[in-house]
Amino acid sequence: MPLFAKKINIYAPANGKLIELEYVPDEMFAKKMLGDGFAVEPKDGFIHCPISGKVVMVSENGYAFGIRSKSGVELLVHIGIDTVNLQGKGFKCLLKEGQNVQATDIAVELDMDYLKQQPYPVTTMVVITSGEQVEHLKREADNITFDEIIATA
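This report concerns the structure included in the present document. Fair warning: this is a prediction, and the values are worked out from it, not measured in the lab.

## Observations concerning the overall build of the protein chain
On a plain count of helices and strands, the protein chain comes out with two helices and 14 strands. Out of the 153 residues in the protein chain, the part that is buried amounts to 48%. Here the analysis covers contacts within the protein chain between residues at least 6 apart in sequence; of these, 69% occur between residues at least 24 apart. Of the accessible surface of the protein chain, which amounts to about 7,800 Å², a share of 48% is contributed by carbon and sulfur atoms.

## Remarks on the environment of Lys43
Considering the arrangement of structural elements, one finds Lys43 in the loop between strand 3 (36-42) and strand 4 (46-48). Residues Lys43 and Asn15 lie 28 residues apart in sequence; the distance between their C-alpha atoms is 5.7 Å.

## Things to note about the sheet that holds strand 8 (residues 91-93)
Ordered in space as 4-10-8, the three strands form an open sheet in which the pairing is antiparallel. The outermost strands of the open sheet, each flanked by one partner alone, are strand 4 and strand 8. The sheet shows a mean angle of 20° between the axes of neighbouring strands, direction not considered. When strand 8 meets strand 10 (residues 106-110), the two strands line up antiparallel, connected through three bridges. Note that in strand 10 the partner of Phe91 across the bridge is Leu110.

## Comments concerning the side chain of His78
For His78, the location among the structural elements is in strand 7 (residues 74-79). Of the polar contacts made by the side chain of His78, one reaches the backbone oxygen of Gly80; its length is 2.9 Å. Apart from residues no more than four positions distant in its own chain, His78 is found in contact with Phe29, Tyr63, Ala64, Thr83, Thr123, Thr124 and Met125.

## A closer look at the pairing of strand 7
For strand 7, the tally of buried residues reaches five of six residues, placing the bulk of the element in the interior. Bridge count between strand 6 (residues 64-68) and strand 7: five bridges; the pairing is antiparallel. By the bridge assignment for strand 7, Arg68 is matched with Glu74. Where strand 6 folds back on strand 7, the antiparallel hairpin that results is connected by five residues, among which Gly72 adopts a positive phi of roughly 95°. For strand 7 and strand 11 (residues 124-128), the ladder comprises five bridges, and the chain directions are antiparallel. If you follow His78 over to strand 11, its bridge partner there is Met125.

## Let's talk about the pattern of salt bridges
On inspection of all chains with the given rule, the structure shows four salt bridges. Its salt-bridge partner being Glu27, residue Lys31 comes within 3.2 Å of it at the nearest N-O pair. The shortest N-O distance in the salt bridge between Arg68 and Glu74 comes to 2.8 Å. Since its relative accessible area comes to 37%, Arg68 is described here as partly exposed.

Conventions used here
- Residues numbered from 1 in each chain as written.
- Predicted model: local features only at pLDDT ≥ 70, side-chain atom pairs only at ≥ 80, totals over all residues.
- Heavy atoms only, no water.
- Helix = DSSP H or I, 4+ residues; strand = E, 2+ residues; numbered from the N terminus.
- Buried < 20%, exposed > 50% of the residue type's maximum accessible area, 1.4 Å probe, protein only.
- Contact = heavy atoms within 4.5 Å.
- Areas by Shrake-Rupley, 256 points an atom, 1.4 Å probe, with all protein chains shown as cover.
- Pairing = 2+ DSSP bridges.
- Axes fitted to C-alpha atoms, helices over the stretch in contact; angles between N-to-C directions.
- Polar contact = N/O pair within 3.5 Å; in protein donor to acceptor, adjacent residues only side chain to side chain.
- Salt bridge = Lys/Arg side-chain N within 4 Å of Asp/Glu carboxyl O.

Spelled out as structure tokens, the structure:
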């Protein structure tokens, strides 16, 4: 660990099964091309903000958003694999660029009945795009309930 490492706490964006990023069935995320992180298989229809900060990006169709914390940590939350093909159906994004949010605020409502009928998994990836590395995933068995993920810079 670097001499001046900072620790940040990131919350899981949903209740569900925690997955290490390298096991996500999407090469871009699994090979950490966008950054280190983790994923969750959501159990319910809510995606929450994993960190407090300012919303810096919201996808046109509501399946992805980015947040920058006051300390400069940037996260990308991407809901689903190939869900861009749904053209926004099944997603109700409650965020706007420039908005300040608190960790665990509801960011996106999912129509789980609709999404379960689609051929795209709703695996939700949280990627640290500002360079920090995930140091420890706190978990109980394979399930997570808004638990903290610790990353270091």
